[in-house]
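# Overview (structure and organization)
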Amino acid sequence: MSFDWLQKYWPLLIDGGLQTIALLVISVSFGFVLAIGLAFAMVSGGPILRGLARGYSTLFRGTPLLIQLWLFYYGIGSLLPLVPGLRQSFLWPVLREGFFFAALSFTLNYAAYEAEVLRGALLSVPKGELEAGRALGMSRFTLIRRVWLPRAIRTALPTIAGEVVLQLKATPLAFTVTVMDLYAVAYKIRQDTLLVYEPLIVVTLFYVALTALMTRAFGIAEAQVPIRR
């Protein structure tokens, strides 16, 4: 095996790694916020809101992420240039890139899975804790912010950690819509150098290292907020 090519391609690998991390951070951050709303809609929303939230979750969890990505990129993406004035707007440099559609599809997909995790966690919070909060005069918003949601997140933290790792492993799909993430860089290096294994080994080590760091971070978080039943 030869790794002499690293001297030439390491800046490209770093850029690809940053693209991968950016996709992960954006999709997990925005997806988690959306998942909170979906979870509460499924748990305590009215019939219509509950049905819409469940329908969203079923749609995105029941179809492959790759198909969702392609529908956004090749479907909606092909229609955007037809919108009057959009090409001249400040949004066009963002909307014309595959990165936007990858981040959007990853976010919506992650939110659907995370909403189900949080729904179960919200239902697992002892009713006595919620009743105690109401007895203290907490408003619904205060009860959610200070008791219900924090307690549910503590319960779901190990599962959330696993979902974030799965989200990381899904990021190479962005390669299919021209995003130069780490896997796309490895693919380019393989084409340029005709090497088969070496670029993939480097990419594998990156994913393993990032997974180990995230697992460690979640482990520290779990230790700081132990779950008491």
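Structure first, text after, so check above.
Residues numbered from 1 in each chain as written. Predicted model: local features only at pLDDT ≥ 70, side-chain atom pairs only at ≥ 80, totals over all residues. Heavy atoms only, no water.

### Focus on the overall build of the protein
Our working definition: Numbering of helices and strands runs from the N terminus, with a helix taken as a DSSP run of H or I at least four residues long and a strand as a DSSP run of E at least two residues long. Exposure is judged per residue with a 1.4 Å probe applied to protein chains only, and the accessible area is read against the type maximum: over 50% gives exposed, under 20% gives buried, and values in between give partly exposed. Contact criterion: two residues are considered in contact whenever any of their non-hydrogen atoms come within 4.5 Å of each other.
In terms of helices and strands, the protein carries nine helices and zero strands. Reading the protein from its N terminus to its C terminus gives the helix and strand order α-α-α-α-α-α-α-α-α. Each principal axis of the C-alpha distribution contributes one length, and for the protein these read about 70 × 50 × 30 Å. By residue count, 40% of the 229 residues in the protein fall in the buried class. Taking the intrachain contacts of the protein between residues at least 6 apart in sequence as the baseline, contacts between residues at least 24 apart amount to 80%.

### Concerning the side chain of Glu163
For Glu163, the position within the fold is in helix α7 (residues 140–170). Residue contacts for Glu163: discarding those within four places in its chain leaves Tyr110, Tyr113, Glu114 and Val117.

### Comments concerning the nonpolar core
When a protein is soluble and globular, its nonpolar side chains tend to lie buried together. Test applied: Among the buried residues, those of types Ala, Val, Leu, Ile, Met, Phe, Trp, Tyr and Cys that are joined through side-chain atoms within 4.5 Å form a nonpolar core.
Within the largest apolar cluster, 64 residues are counted, with the highest numbers of intra-cluster contacts made by Trp148 and Ile160. Among the secondary structure elements, those contributing two or more residues to this core are α1 (6–44), α2 (47–61), α3 (65–79), α4 (92–95), α5 (98–124), α7, α8 (182–193) and α9 (198–224). Sort the elements by how many residues they give to this core and α1 lands first, with 14 residues. Here Ile160 is in contact with Phe32, Tyr110, Glu114, Val117, Leu118, Ile153 and Phe218, once residues within four sequence places are set aside.

### Digging into a nonpolar patch on the surface
Applied cut-off: Patch membership needs two things, relative accessible area over 30% and no salt bridge, and members are linked within 9 Å if like-charged or within 5 Å if nonpolar (Val, Leu, Ile, Met, Phe, Trp, Tyr). Note on areas: Shrake-Rupley, 1.4 Å probe, and residue coverage restricted to the protein chains presented here. We count a salt bridge whenever a side-chain nitrogen from Lys or Arg sits within 4 Å of a carboxyl oxygen from Asp or Glu.
Taken together, the side chains of Trp10, Ile14, Leu18, Ile21 and Val25 define a hydrophobic patch exposed on the protein surface, amounting to about 460 Å² of accessible area. Take Ile14: it is sitting in helix α1.

### Some details on the side chain of Asn109
Filter applied, for reference: The definition of a polar contact used here is a pair of N or O atoms within 3.5 Å, where within protein one atom must be able to donate a hydrogen and the other to accept one, and adjacent residues in sequence count solely through side-chain atom pairs.
Note that Asn109 resides in helix α5. Side chain to side chain, Asn109 and Gln68 meet in a polar contact 3.2 Å long. Excluding residues within four positions of it along the chain, Asn109 makes contact with Phe60, Leu65 and Gln68.

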